[in-house]
Amino acid sequence: MRELKKYGFLAGILCLAVFVKFRFTGQGLAQTVEFSGADLRKEDWNTVIAEDVNQEHIVVNINGRAYTNLEHGIYMDQNREIMIPADLVRDVFDCSVHLYEGRRLMVETKDQLLEFVYDEDPDTRKGEPRKSEQALIRNQGRLYVPFAVLAQKLGYSYEWDSGNQILTAQSAENGTQLPYRYDLRERGRAPKVKDQGPYGTCWAFASLTALESAMLPEDEVQLSVDHMNQNNSFTSPSKDGGQYTMAMAYLAAWQGPVYEADDPYGDGVSDAALEEVRHVQEMQIIDAKDLDGIKKAVFQYGGVESCIYTTMQGGEGESSYYNREKYAYCYIGEERPNHDVVIIGWDDHFPAESFPVTAAGDGAFICQNSWGTDFGDDGVFYVSYYDTNIGMHNLVFTEIEESTNYDSIYQSDLCGWVGQLGYDKESMYGANVFTARSEEDLAAAGFYTTGKDTDYEVFVVPEFTDTKSLDQRMPVASGRFANAGYHTVRFPQSVRIAAGQKFAVVVWLSTPNAVRPMAIEYAADALTQEADLTDGEGYISTKGRKWVSAEEATECNLCIKAYTRLAK
């Protein structure tokens, strides 16, 4: 095999080096010594192999997905074990992964709960062994776990081939499954229950509760509903309510979130000058009534914002759809939803007879409300799977980063995804043009996908003069997003933009069965009547050759953002 020949050659070089070693006497004469072979200890040999492997292109293939050392930080340690970043485990192994107390990594599947504990003593770069096979290792600021241990315990096959590739597949009997019951409260991942009082702010409470849940247990914070409610770009007073798309726009635009302590709820005052304390870089929308998709999102990421129809006005109200003794709710009818809640778990065996109306079967979502702890089971209740509205509109926060991840955001769609644009076909091009405020490195782009399994390509034009410049676009990234929502695409290599220079971010989208795949901002209704269409310069094209102004042709802004870092 090629690798064996390579390592045999390296061993030969080491042996030769030992053989030709000599000492000099005071007169400069070479002294011969008896050759007894290379004293090559196991740890030295492992070091040689690890260094050589890490200089190659390591690829881990799992169920058709590829992860590499160059893009994802995978490496071979000095004990010749492949190590994978803990923050990558969830996506690689399709499971639930969370860090408790900063040192205990809990990896959870349907019937397994694995614990990896940070081992502060060994230095694997020096060949020191870990205390146990399930020890966490810190390397360059990231926590790592041994790939082989995870693969074995989670039921994956594991094969290393001669081309620095690990071929891994999940056994058929160990396919992705979910437990029949799951409750984020039991995992320390459900935020504090809050009370919206007399205001129509359930949408903001639900959004921020879901966001707080997605940050738990690693990052426990309380975020300001007042700030989200009063500092978004929509025209909606507190008493009139809102919807989850408003929360998406507020967060994607970096208008927030801020801490509750800096902007307390219900005092009628909000400081628009407060700076956001986190950057939300991805929000996924789960398809309507995709019960398994909702469960998986709760299991892997945290609370899912959804909605119901209710005739109740706060926790003290009565409703023919609510069994107060069983904390069980089910509405079956034609009324549209009017209240947002957060799904924090489920119980497939919750009895159908617990609901005051006839449900088609057992099963309920465990939902956290914003009516205080006097309602339900300390603020939590059960909503039947067969409720008309629960699970119809679903939002989960899947990427939340520190507010220092980028230095600047360029955008012209503060109201976000208001409508959709297209050419009566699945695909189209869109381009947004911005002017650099300083010398910067263009590092990522953000945009919405309006349907499942959307393919995308992202291009950059570092020097834009007119639409002819778009013909010179450079490809920087491509891929597919499984769910609709807002996404950030990071570029493998940033693109330098000169101060004062116009530049363009071009996105091609192809959404199956769509006729209008591009998300746009425009003055659609009373909520968006103040949308500013003068703050952007966008262009659209059906095939990327002939471009027209989005503002002039369709009176809209394109929902395409750019993220930059200051040039160094």
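Residues numbered from 1 in each chain as written. Predicted model: local features only at pLDDT ≥ 70, side-chain atom pairs only at ≥ 80, totals over all residues. Heavy atoms only, no water.

We now examine the sheet that holds strand E32 (residues 538–541). Spatially, the six strands line up as an open sheet ordered E28-E27-E30-E25-E32-E33, and their pairing is antiparallel. Among the strands making up the open sheet, the edge pair consists of strand E28 (474–481) and strand E33 (548–549). Two strands pair when backbone bridges link them, and strand E27 (residues 454–461) and E28 are joined in this way by seven bridges, in the antiparallel orientation. Bridge pairing links Glu457 to Ser478 in E28. (Pairing = 2+ DSSP bridges. Helix = DSSP H or I, 4+ residues; strand = E, 2+ residues; numbered from the N terminus.)

Let us now look at the side chain of Gln196. With respect to the element layout, Gln196 can be found in the loop between strand E14 (181–183) and helix H6 (202–215). Residue Gln196 is classed as buried on the basis of its relative accessible area, which comes to 6%. A polar atom in the side chain of Gln196 sits 2.9 Å from the backbone oxygen of Tyr199. Apart from residues no more than four positions distant in its own chain, Gln196 is found in contact with Thr201, Cys202, Phe205, Tyr265, His339, Ser370 and Trp371. (Buried < 20%, exposed > 50% of the residue type's maximum accessible area, 1.4 Å probe, protein only. Polar contact = N/O pair within 3.5 Å; in protein donor to acceptor, adjacent residues only side chain to side chain. Contact = heavy atoms within 4.5 Å.)

Another aspect to go through is the packing of aromatic side chains. One pass over the full model with this rule turns up 32 aromatic pairs. Each ring, one from Tyr322 and one from Phe381, has its centre 6.4 Å from the other, and the planes form 80 degrees; the classification is edge-to-face. Within this pair, whereas Tyr322 is found in strand E17 (residues 322–323), its partner Phe381 is found in strand E21 (residues 380–384), the two being separated by 59 residues in sequence. Taking the centre distance of 6.0 Å and the plane angle of 70 degrees together, the rings of Tyr429 and Trp547 count as edge-to-face. Taken together, the residues Tyr429 in strand E25 (residues 427–435) and Trp547 in the loop between E32 and E33 connect sequence positions 118 residues apart. For the pair shown, Tyr429 and Trp547 are each scored as buried. Its end group placed over the ring of Tyr118, Arg138 keeps NZ or CZ at 5.0 Å from the ring centre. If you follow Arg473 out to its NZ or CZ, it ends over the ring of Phe459, 5.3 Å from the centre. (Phe/Tyr/Trp six-rings, centres within 6.5 Å; stacked < 30°, edge-to-face > 60°. Lys NZ or Arg CZ within 6 Å of the ring centre and 35° of its normal.)

With that settled, the discussion passes to the side chain of Ser541. One can find Ser541 in strand E32. Looking at Ser541, the relative accessible area reads 1%, which means it is buried. In this structure the side chain of Ser541 is engaged in a polar contact, spanning 3.3 Å, whose partner is the backbone nitrogen of Arg545. Of note is the side chain of Ser541, whose polar atom sits 2.9 Å from the backbone oxygen of Lys546. Ignoring sequence-local partners within four residues, the contact set of Ser541 consists of Tyr423, Met428, Tyr429, Lys546 and Trp547.

The subject of this paragraph is the confidence of the model for the chain. When pLDDT is averaged across the chain, the result is 88; 87% of the residues are at 70 or more. Residue range residues 1–38 is modelled with pLDDT below 50. Its contacts to residues more than four positions away, or to other chains, number 30 contacts. (pLDDT = per-residue confidence, 0-100.)

Together, Asp532, Asp535, Glu551, Glu552 and Glu555 line one region of the surface with negative charge. One can find Asp535 in the loop between strand E31 (518–521) and E32. (Patch = residues over 30% accessible without salt bridge, like charges linked within 9 Å, V, L, I, M, F, W, Y side chains within 5 Å. Areas by Shrake-Rupley, 256 points an atom, 1.4 Å probe, with all protein chains shown as cover. Salt bridge = Lys/Arg side-chain N within 4 Å of Asp/Glu carboxyl O. Lys, Arg positive; Asp, Glu negative; His and termini not counted. Charge placed at Lys NZ, Arg CZ, Asp CG, Glu CD.)

Turning to the environment of Asp471, a few remarks are in order. You can see Asp471 is positioned in the loop between E27 and E28. Each C-alpha atom, one on Asp471 and one on Val461, is 8.9 Å from the other, the two residues being ten residues apart in sequence. Residues contacting Asp471, with those up to four places away along its chain left out, are Gly544, Arg545 and Trp547.

Pairing in this open sheet of seven strands is mixed, and the strands run E5-E6-E11-E10-E9-E8-E7 from one edge to the other. Since the sheet does not close on itself, it has two edges, and those belong to strand E5 (75–76) and strand E7 (96–100), each with one partner.

Let's shift gears to the pattern of salt bridges. Any two side chains of opposite charge can pair if their charged atoms end up close together. If you walk through the whole model with that rule in mind, you get 21 salt bridges. Across the salt bridge formed by Glu399 and Arg490, the nearest N and O atoms sit 2.9 Å from each other. You can see Glu399 sitting in strand E22 (residues 394–402) and its partner Arg490 sitting in strand E29 (residues 484–497), a full 91 residues away along the chain. Judged by its relative accessible area of 34%, Arg490 is partly exposed. Residues joined by salt bridges that share partners form a network here, namely Arg181, Asp183, Arg185, Glu186, Asp347 and Asp377.

Think of two packed helices as two axes; the pair is described by the angle between the axes and how far apart they sit. Interaxial distance between H6 and helix H8 (residues 244–252) falls to 9 Å at its minimum, and their mutual angle equals 55 degrees. Classified by the interaxial angle, the pair formed by H6 and H8 is oblique. Taken as a pair, H6 and H8 cross one another with a handedness that is right-handed. Counted together, Trp203, Ser207 and Leu211 of H6 and Tyr244, Met246, Ala247 and Leu251 of H8 form the full contact between these two elements. For the contact of H6 with H8, the per-class residue count stands at six nonpolar, one polar and no charged. (Axes fitted to C-alpha atoms, helices over the stretch in contact; angles between N-to-C directions. Parallel < 35°, antiparallel > 145°, perpendicular 65-115°, else oblique. Left-handed = near helix turned anticlockwise from the far one by under 90°. Nonpolar A, V, L, I, M, F, W, Y, C, P; charged D, E, K, R; others polar.)

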